[in-house]
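Topology and contacts: notes
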Amino acid sequence: MVDAPVGSRVRWEHFAHEADVGVRGVGATKSEAFEQAGLALTAIVTDPDGVEAVEDVEVRCEAPDDELLLAEWLNRLIYEMATRRLVFGRYAVAIDGTALVAHALGERIDVARHQPAAEPKGATFTTLRVAREDGGWVAQTVVDV
Amino acid sequence: MDLNRLVRRSDHEWEIAPSGGMRVPAILYASKALVRAMDDKVCEQAANVAMLPGIVRASFAMPDAHWGYGFPIGGVAAFDAKRGGVVSAGGVGFDISCGVRCLTTNLVRADVEAVKRMLADALFARVPAGMGRTGSIRLSAAETEAMLAGGARWAVARGYGSEADLERVEERGRIAHAQPGTVSEQARRRQREEMGTLGSGNHYLEVQEVVEVQDAAAAAAYGLAQGAIVVMIHCGSRGLGHQIGTEYLKRMAIAAPSFGIALPDRELACAPIDSDLGQEYLGAMRAAVNCALANRQILTHLVRSVFADVLPAARLDVLYDVSHNTCKVETHVVDGKPRELHVHRKGATRAWGPGHPELPAALRAAGQPVLIGGSMGAGSYVLAGTRASESRAFSSACHGAGRAMSRHQALRTWSGRQVIDALAAQGILIRSASDRGVAEEAPGAYKDLGAVVDAAEAAGLARKVARTVPLVCIKG
C-alpha cells in the first residue's frame with residue numbers, strides 16, 4: 001500500500017519525483033500535517049499500518065521557519081530510524097512557534113515482516129512547503145532514497 | 001523539455017543562454033531524443049546552478065540528467081575560490097562519494113553458470129544488503145578517526161585487500177585534506193553498524209558477463225574480454241555521508257544570506273570556499289569520501305572471500321573505482337590558463353582522458369575507466385575518458401541511466417515476484433530481502449542506458465569500451 005485513503009481530510013501521500021520520493025502530509029493543523037508527513041516517510045520503507053507501537057522515541061527540534069522545521073523533523077526521524085533500527089507507525093506532534101516536540105511510536109525493523117524497500121537518506125529542500133491550504137495545512141518535501 | 005528554450009550548438013550540445021541571474025550559460029550534452037524526454041526541471045535546475053557565485057565557464061548537464069534536488073542529477077559545475085567561488089552541500093548530495101567499483105576476474109561464464117545459485121546465495125548471505133541489515137565490523141573511536149582520514153588505504157592496512165588495489169582507486173584510495181574533527185558524533189553514530197554494507201535503493205552488487213567489446217585496445221588494457229566475468233559494486237558512504245550532507249545542507253541554507261548569497265533554490269545551499277563553513281564542509285565531505293572508499297574496499301574483501309569459497313581458482317583484481325557524487329579540487333585549463341577549481345559532480349563521473357598524469361601507468365594510454373551502472377536487467381557499460389572531454393565539461397561523463405518512472409509508479413506496474421521471475425527467465429538471479437524493493441528497481445523503470453552512453457560518446461565525453469549484463473544481482 002502506498003497511498004492513504006484519497007479524499008480524507010487528514011492524509012499522507014507520495015508524489016512523483018524522477019529520482020526520489022515526494023512526501024506530503026495533510027491535516028487540520030500544522031502538527032497534524034507534520035504527523036502525516038512522518039507517515040509518508042515511513043511508507044517509503046514499509047506500510048505504516050504494519051508497524052506496531054512497541055517503542056516510544058521522543059523527538060525535539062527547532063528551526064528558524066516552518067519549512068526548515070519540517071526538513072529537520074523528517075531528518076530527525078531518519079536519524080532515529082537509522083541508529084535505532086526502528087520503523088515508526090504513529091506520531092504525536094506538538095509545534096509551538098519554531099519548536100517541535102513529538103513522540104514517534106514504532107518497533108525494531110523486522111526484515112521478513114516489514115520487507116523494507118528503499119532507505120531514506122535525507123529530507124531535501126526540493127518542493128519543500130508548509131502552508132495553509134483549503135482550510136487545513138499541507139507539509140511536503142522530497143526525500144532522497 | 002521544450003526545445004524552444006534551448007539553442008542547439010551542435011548535434012549533442014544544447015545551450016540555455018544566460019538570462020536573469022545566470023552568470024554563465026547552462027549546457028546540456030545529449031541527443032535530441034534524450035533532451036526532449038528530459039523534465040523541464042533539468043533546465044530550471046541547470047540554470048539555477050549557473051547563478052551561483054564564482055562558477056566557471058558553464059553549468060553542465062550530462063546525457064542522463066534528470067530532476068534532482070538543487071543541482072540536476074547529472075550536473076557538473078566548477079567554482080574558482082579566487083573569484084568568490086562556492087562549495088555546495090546540495091551540489092554533492094546526501095550520498096557523498098556514491099560510486100562504482102569494477103573487479104575483473106579470470107573466469108568465464110561457464111565457470112559461474114556451474115555454481116550460480118550457490119554463488120548468489122553466498123554473496124547474499126555474506127554481503128549485508130538492504131535496510132535493517134548491519135555489518136559485522138565495529139570500529140572504536142580511534143579506528144573511526146583513522147578510517148575517515150585513511151579511506152581505502154586504511155582498509156588495506158587492516159587486511160581488507162592488497163596494496164595493488166589502491167593503484168586502481170581514485171585518489172589512490174585516500175582523498176587528502178579530510179578533517180575527521182569536522183564530522184559530528186551523530187554522523188559517526190549513524191555509521192556504527194554500517195561499515196561494509198551495501199545500502200538499498202539503486203545500490204547493488206552484481207556478477208556480470210562482458211557481452212560486447214567496442215574498443216579492443218582499451219578493453220585489453222582494462223583486462224576485459226568478450227565472455228569474461230566481472231563484478232560491479234555500486235554504493236556510497238552510507239549513514240555517515242547521509243548525515244554530513246543533512247547537517248551541512250541546513251547550516252549552509254541558514255548561513256547563505258550572511259555571505260550575501262541569494263539562493264535561487266534553498267537546496268543549492270552553499271558557502272564561499274574561502275569561508276570557515278566552506279572549509280569545514282570540505283573537510284567533512286572528504287572524510288565521507290574516505291568512508292565510501294573504505295566501504296567499497298571492505299565489500300571487495302567480502303566478495304573475494306565468497307569467491308574463494310565457491311570458485312577457489314578465481315582471482316579478482318580491481319579495474320577501477322569511481323565516485324559520482326563529489327566536489328574535488330582539480331586543475332583545468334580555462335581560456336588557455338591552468339586554474340585550480342572545485343569541481344562538483346552530482347550524478348556525474350570524472351573521466352580523465354589518455355595521458356592524464358593522475359592515471360596509473362597501466363591505464364594512461366587508454367584513458368580512465370568510466371564505470372556506468374545500469375538497471376538489473378539492462379546491464380552496464382565500461383567507457384573510457386577522452387581528451388576532448390576536458391574541453392566539454394571539465395573531463396566529466398554520465399553515471400547511469402536515470403529513472404524513467406517514479407518508485408510509486410513502478411510499484412503500481414510490477415510486483416517484485418514478477419520482476420524476479422522475468423529476470424530468472426533471462427538467466428539473471430536476483431537476491432533481495434524486499435520484493436517491494438525489487439519492484440521499485442524494475443528494469444522497465446529506468447531509461448535506455450544504451451541511448452545515454454551513445455549520446456556521451458557522440459558528445460565526446462567518453463568512448464564505449466565494453467558492455468556487460470548481470471548473471472547475479474544482490475539488491476539492496
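The structure under discussion appears in the preceding block.
A brief structural summary.

Quick notes on the rules
Residues numbered from 1 in each chain as written. Chains lettered and ligands numbered in written order. Predicted model: local features only at pLDDT ≥ 70, side-chain atom pairs only at ≥ 80, totals over all residues. Helix = DSSP H or I, 4+ residues; strand = E, 2+ residues; numbered from the N terminus. Buried ≥ 20, exposed ≤ 12 C-beta atoms within 10 Å, placed from the backbone. Contact = placed C-beta atoms within 7 Å. Axes fitted to C-alpha atoms, helices over the stretch in contact; angles between N-to-C directions. Parallel < 35°, antiparallel > 145°, perpendicular 65-115°, else oblique. Left-handed = near helix turned anticlockwise from the far one by under 90°. Expected span 1.5 Å × (residues − 1). Bend = angle between axes of the 7 residues up to and from the residue. Pairing = 2+ DSSP bridges. Nonpolar A, V, L, I, M, F, W, Y, C, P; charged D, E, K, R; others polar.

1. As for the environment of B:T326
Residues and elements named next belong to chain B. Relative to the helices and strands, T326 resides in strand 12 (residues 325–334). On the basis of neighbour count, T326 is assigned to the buried category, with 28 C-beta atoms found within 10 Å. Every residue in contact with T326, bar those within four places of it in the chain, is listed here: V92, S97, V289 and R345.

2. Overview of the packing of helix 9 (residues 238–255) of chain B against helix 10 (residues 276–310) of chain B
All names here are of chain B. At a minimum axis distance of 9 Å, the contact between helix 9 and helix 10 shows a crossing angle of 165°. The angle between helix 9 and helix 10 places the two elements in the roughly antiparallel class. As helix 9 runs across helix 10, the sense of the crossing is left-handed. For the pair helix 9 and helix 10, contact is made by R238, L240, G241, I244, Y248, R251, M252 and A255 and by L277, Y281, A284, M285, A288, C291, A292 and N295, respectively.

3. Topic: helix 5 (residues 141–157) of chain B
Since the α-helix turns once every 3.6 residues, residues separated by three or four places project in the same direction. Residue and element names in this part refer to chain B. In a regular helix each residue adds 1.5 Å, so 17 residues correspond to 24 Å; helix 5 covers only 17 Å between its end C-alpha atoms and thus falls short of that length. A maximum bend of about 120° is found in helix 5 at G150. For helix 5, the set of buried residues is T144, M147, L148, A149, G150, G151, A152, R153, W154, A155 and V156. Where the residues of helix 5 are buried, they touch helix 6 (163–166), helix 7 (185–191) and helix 10. Remark: G159 follows helix 5 within two positions and exhibits a positive phi of approximately 100°.

4. Some details on the pairing of strand 12 of chain B
Side-chain positions along a regular strand alternate between the two faces of the sheet. All names here are of chain B. Examined bridge by bridge, strand 12 and strand 13 (residues 337–346) share 10 bridges and lie antiparallel to one another. Its bridge partner lying in strand 13, V329 is registered against H342. Between strand 12 and strand 13, which pair antiparallel and follow one another directly, the connecting turn spans two residues, one of which, D335, has a positive phi of 50°.

5. What about the environment of A:R113?
All names here are of chain A. Its location among the elements puts R113 in helix 3 (residues 111–114). Judged by C-beta crowding, with 12 C-beta atoms within 10 Å, R113 ranks as exposed. Taking the C-alpha atoms as reference points, R113 and D65, separated by 48 residues in sequence, lie 38 Å from one another.

6. Digging into helix 16 (residues 449–458) of chain B
Residue and element names in this part refer to chain B. For helix 16, the complete set of buried residues consists of L449, V452, V453, A455, A456 and E457. Next to the buried residues of helix 16 lie helix 1 (32–37), strand 4 (55–69), strand 15 (369–372), strand 16 (380–385), strand 17 (396–397) and strand 19 (462–475). Once helix 16 ends, the next one or two residues include G460, with phi positive near 85°.

7. Description of the packing of helix 5 of chain B against helix 10 of chain B
The angle between the axes and the distance between the axes are what describe a pair of packed helices. Residue and element names in this part refer to chain B. Across the interface, helix 5 lies against helix 10 with an axial gap of 7 Å and an inter-helix angle of 20°. As the angle between them shows, helix 5 and helix 10 are arranged roughly parallel. Crossing of helix 5 over helix 10 shows left-handed handedness. Residues M147, L148, A149, G150, G151, A152, W154, A155 and V156 of helix 5 pack against A287, N290, C291, L293, A294, Q297 and I298 of helix 10. Here the residues of the contact of helix 5 with helix 10 sort into 12 nonpolar, four polar and no charged.

8. Remarks on the interface of chain A and chain B
Facing 31 residues of chain A, the contacting portion of chain B comprises 41 residues. Among the elements of the structure, strand 1 (11–16), helix 2 (66–84) and strand 8 (136–144) of chain A are those that each provide at least two residues to the side of chain A that touches chain B. The element best represented in the side of chain A that touches chain B is helix 2 of chain A, accounting for five residues. Partitioned by chemical class, the residues of the side of chain A that touches chain B number 18 nonpolar, eight polar and five charged.

9. Considerations on the sheet that holds strand 5 (residues 71–79) of chain B
Residue and element names in this part refer to chain B. In space, the seven strands of this open sheet follow the order 1-2-3-4-5-13-12, with mixed pairing throughout. Of all strands in the sheet, those bounded by a partner on one side alone are strand 1 (7–10) and strand 12. Between one strand axis and the next, the sheet turns by 30° as a mean value, whatever way the strands run. In terms of strand pairing, strand 5 meets strand 13 through five bridges, oriented antiparallel. When the sheet's bridge partners are listed, V76 is paired in strand 13 with R345. On the sheet, helix 2 (residues 40–49) packs against strand 2 (13–16), strand 3 (26–29), strand 4 and strand 5 and is oriented at approximately 155° with respect to strand 4.

10. What to know about the environment of B:A462
Residue and element names in this part refer to chain B. For A462, the position within the fold is in strand 19. Assessed through the 31 C-beta atoms surrounding it within 10 Å, A462 is described here as buried. Spatially, the C-alpha atom of A462 lies 8.2 Å from that of G353, the residues being 109 residues apart in sequence. Every residue in contact with A462, bar those within four places of it in the chain, is listed here: A351, V370, L383, A384, G385, T386, S389, A397, A456 and E457.

All we've got here are geometric facts, nothing functional implied.
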